[in-house]
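Read off the chains here:
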Amino acid sequence: MSSLSAAKKSRSAPPLVLLVLLLLLITSILTYIIPAGAFDVDPETGATIAGTFHYIEKTPVAPWTALGLIYDGMISMASTISLILYFGGIFGVFLSLGAAEEVVNGIVTRMRGKGDVLIIFVLTFLMSTIGAFAANNALIAFCSLGAIVSRKMRLDPLVGIGIFFYGTFIGFASGPMCAYIAQGIAGVELYSGFAMRTFWWIACTFVVALYIALYARRIKKNPAKSLMGTTDWCTAAEDSEADGSAAVSASAVITMLLLFGGTFFVAFALNNLKWERGVCFAIMAILSIIAALIRGKNVEEIVKSFSAGCAGMAFICFVMGAAAAIGLTLTKANVLPTIINAVITPLSHVSKGVSAALMFILNAFINILIPSRGGQAAVVIPIMAPIGDMLGITRQVVVSAFNMGDGITNMINPLDGATMGAITLAGVGSFGKYFKFAAPLTLVLMALTCVFLGVLAVVGWTGV
């Protein structure tokens, strides 16, 4: 990583920490204002029972208690944090080899002036595919590669984060393999509706790639139009280009094949072979060592690059724990049921098509408060599914409304640790700059999804 990128990373850390801590403080204050509530729970299944909401005695969470929940938040995210640290180390080894810069530089040099759009579309679809079949917060490590790609293409870091973060997470939001949690809770056959969800995943990925390509073309013509608010990235791009070469060694190609091929294999092993995560990531570690040896690195250099990769993820892990503390504060104060009941009530007063769209929008709002897909599904699906039954909306549509609502707002959610971590890794500098870039795209995707779900609800899509 260049000194300029390191400087940006250093400058970005305080605002991110302050933003999360400020949101945590505001959440604590809201627990004194929002009434506490609860739903009855089925003692046998643990599922929330629709129509049983009732108010209970307030249990506000004091600011100092909320700060203490950062520790609990990090514990609750222990599995994800462990994976991020581990994958960060592995990715640190791969990036230290210089293969990524060599391959990207070769592609960009050969296609300069005519291939930016093609590169953006290919990489965005690649990352979306990884996100659709291997969704995991550890994939934000790819944003380091995004910084390299954007610099080599003489574009700002927002292009890199668009491809490698937004691309990955649109796959997670709309991918056909990512609905199984909600399907299981809703009593829908696992992985049913695959064809329709595949169509929507491809459509959403195309929209994301097109948006990034149009933004890239705009700032390529006039760097002053960059949403970064500065053209410092141009200097970094020129420095990177000065010693560039179109030559790509066989070892660099093999290294990148090991990285992406290994990622796809891990996705297949996790979802189809049901391998343990630890085994899958051990495979990635072995592949990184093989790649390092091919590139002529010794054991000491491999260990140093692995350690540096882990160290680079430490701040991100803290942010994720602090973000999780916000959700824990809402849960401890018993205000989440009140919020959920308030936003779901309007569904009974509109048509099926509008109801499906509202389900999506309301889930998108709830997702800001509960970023965890599993946690959100456990709370929301038992309530939404019976409401869908009463409104004549198939459970397959309810599942899609939940899935897209859970996924899309993650890309602009300041409470989501992965989002904040990606901003840091990509060298964007602040959440505000990223938000200006991502918010219009998110709104477009939300509008298209509302129409799509409305049509599915009206035609009575069952996913078979």
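Presented here is an overview of the structure given in this document.

**Some remarks on the environment of Gly193**
1) Next: Residue position: Gly193 is located in the loop between helix H8 (180-186) and helix H9 (194-221).
2) Next: Accessibility expressed as a relative area gives 7% for Gly193, which makes it buried.
3) Next: As for Gly193 and Ala179, which are separated by 14 residues in sequence, their C-alpha atoms are 9.5 Å apart.
4) Next: The residues touching Gly193, leaving out its near neighbours within four places in the chain, are Gln396, Trp461 and Gly463.

**Some remarks on the nonpolar core**
The nonpolar side chains of a soluble globular protein tend to be buried, and buried together.
1) Next: Residues Phe142, Leu145, Val159, Ile161, Phe165 and Tyr434 are the most contacted members of the largest nonpolar core, which totals 134 residues.
2) Next: Among the elements that make up this core, the one with the highest residue count is helix H20 (residues 431-459) (twelve residues).
3) Next: Once residues within four sequence positions are removed from consideration, Ile161 is found in contact with Cys143, Tyr166, Ala422, Ile423, Ala426, Val428 and Tyr434.

**Section: H20**
1) Next: For H20, spanning 29 residues, the distance from its first C-alpha to its last is 40 Å, which sits close to the expected 42 Å at 1.5 Å a residue.
2) Next: Most pronounced at Ala438, the bend in H20 amounts to some 35°, and the proline Pro440 follows within four residues.
3) Next: A positive backbone phi angle near 70° is found at Gly460, which sits one or two residues after H20.

**A look at the side chain of Gln396**
1) Next: Among the secondary structure elements, Gln396 is positioned in helix H18 (residues 395-408).
2) Next: Under the relative-accessibility criterion, Gln396 is labelled buried at 3%.
3) Next: If near-sequence neighbours (up to four positions away) are discounted, Gln396 is found in contact with Gln183, Val188, Ser192, Gly193, Arg197, Trp461, Thr462 and Gly463.

The rules behind the values
- Residues numbered from 1 in each chain as written.
- Predicted model: local features only at pLDDT ≥ 70, side-chain atom pairs only at ≥ 80, totals over all residues.
- Heavy atoms only, no water.
- Helix = DSSP H or I, 4+ residues; strand = E, 2+ residues; numbered from the N terminus.
- Buried < 20%, exposed > 50% of the residue type's maximum accessible area, 1.4 Å probe, protein only.
- Contact = heavy atoms within 4.5 Å.
- Core = buried A, V, L, I, M, F, W, Y, C linked by side-chain atoms within 4.5 Å.
- Expected span 1.5 Å × (residues − 1).
- Bend = angle between axes of the 7 residues up to and from the residue.

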